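# Observations on the three-dimensional arrangement
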Amino acid sequence: MRIKTKIFVAGHGGFLGKAILKKFNKKNIHLLVEDKKNLNLTRRDEVYKYLNQKSPDIVINAAGKVGGIKANINNNAEFLDENYLIQSNLILGSYNSNVKKFINIASSCIYPTLCKQPIKEEYLLNGLLEETNEGYAISKISGLKLCEYLHKQYAFDALTLIPCNLYGEDDKFYNENSHFLPGLISKIYDAKKNNYKRVTLWGSGSPRRELIHVDDLAKAIYYFSKKKNYKTRLINIGTGVDLKISQYANLIKKEIEYKGKIIWDKTFPDGMKRKLLDISKMNKMGFQTQIEFKNGLKKVIKKFIENS
């Protein structure tokens with residue numbers, strides 16, 4: 001009888017975690033998950049004990065404190081502290097428990113705010129970070145560096161994937177901590193439902209953002225969990241295409257059939273002006289995304305309206 005690969009998914013209840021569970025639901029995989037009430041990832045003793053007892057072959061870190069620009073601005077200390085603790089406990093706990101492979105999920109916000117475009121993995125730490133999410137970015141950089149050091153010093157098989165902005169059907173809507181796309185959808189849909197002649201959105205609308213469907217990121221995680229002997233330890237995961245936030249808003253407006261006017265409130269911060277990822281390493285290693293944005297957006301809006 002073939003022994004199943006045991007994979008612990010940290011953060012299984014989150015936006016990305018749910019997509020990972022769906023993708024990794026295979027006959028030859030035994031998925032390990034644990035509720036927050038039973039396993040506090042910020043407590044080193046609990047994490048170490050769990051990993052020693054369960055002995056997973058692979059650990060995927062999809063856990064962490066995340067949020068939109070407002071949440072990041074108001075809670076830089078909490079975003080840095082909580083994410084640092086979770087990553088450190090999982091990474092060191094996995095190394096000490098002889099986990100065969102660790103997959104760490106970072107974020108494109110780790111790159112310098114005035115980065116040359118498209119952004120190569122080598123541009124990391126070549127400039128100042130965007131101050132609106134500096135705490136979160138520093139925590140993610142510390143995690144990927146810990147993975148890198150453990151690999152260099154002890155040959156620990158730890159890989160960090162750096163995705164662009166995520167979107168998908170199970171994202172958070174009607175939440176001040178939501179990401180920019182569900183935030184746009186919520187506000188524009190509300191304006192239509194209430195027959196408002198105008199809707200006010202944050203910032204200038206000029207920053208450009210690259211989006212990847214969460215299911216495509218889950219596929220990338222699955223792909224790289226099976227791949228061996230890769231030379232790099234940092235891999236950008238994206239689509240290679242970005243749009244202005246105002247363009248995303250207009251696409252949503254058209255799909256929802258909202259006839260009113262969009263007003264941009266420039267008193268609110270924009271964040272990074274652009275963060276288009278260079279995905280040449282990802283493509284060279286044989287992975288490509290599959291979900292075209294306009295098709296993905298239709299599905300997201302359809303489910304959002306059905307649940308509203």
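Please read all numbers here as calculations on a predicted model, not as lab measurements.

## A closer look at the nonpolar core
By size, the foremost hydrophobic cluster in this structure holds 50 residues, and its most contacted members are Leu16, Ile20, Leu161, Ile221 and Ile237. With residues near it in sequence (within four places) discarded, Ile237 still touches Leu161, Ile162, Pro163, Cys164, Ile212, Leu217, Ala220, Phe224, Leu277, Ile279 and Met282.

## Quick notes on the environment of Thr113
Inspection of the secondary structure assignment puts Thr113 in the loop between strand 4 (101–105) and helix 5 (134–154). Sequence-distant contacts of Thr113, that is, excluding residues within four places in its chain, are made with Leu128, Leu129, Glu130 and Met272.

## Here we look at the packing of aromatic side chains
Considering all chains together, one arrives at 15 aromatic pairs under this definition. Their ring planes at 85 degrees and their centres at 5.1 Å tell us that Phe24 and Tyr222 sit as a pair that is edge-to-face. With Phe24 in the loop between helix 1 (15–23) and strand 2 (29–32) and Tyr222 in helix 7 (residues 214–226), this pair connects stretches of sequence that are 198 residues apart. Of the residues examined, Phe24 reaches a relative accessible area of 0% and is grouped as buried. Measuring from ring centre to ring centre gives 5.2 Å for Tyr189 and Phe304, while their planes differ by 80 degrees; the resulting arrangement is edge-to-face. You can see Tyr189 sitting in helix 6 (residues 180–193) and its partner Phe304 sitting in helix 10 (residues 293–307), a full 115 residues away along the chain. A network of ring pairs unites the aromatic residues Tyr95, Phe102, Tyr154 and Phe156 as a single cluster. The cationic tip of Lys26 hangs over the ring face of Tyr222; the distance from NZ or CZ to the ring centre is 5.2 Å. The ring of Phe79 has Lys65 lying over it, and the distance from NZ or CZ to the ring centre is 5.4 Å.

Thresholds applied
- Residues numbered from 1 in each chain as written.
- Predicted model: local features only at pLDDT ≥ 70, side-chain atom pairs only at ≥ 80, totals over all residues.
- Heavy atoms only, no water.
- Core = buried A, V, L, I, M, F, W, Y, C linked by side-chain atoms within 4.5 Å.
- Buried < 20%, exposed > 50% of the residue type's maximum accessible area, 1.4 Å probe, protein only.
- Contact = heavy atoms within 4.5 Å.
- Helix = DSSP H or I, 4+ residues; strand = E, 2+ residues; numbered from the N terminus.
- Phe/Tyr/Trp six-rings, centres within 6.5 Å; stacked < 30°, edge-to-face > 60°.
- Lys NZ or Arg CZ within 6 Å of the ring centre and 35° of its normal.

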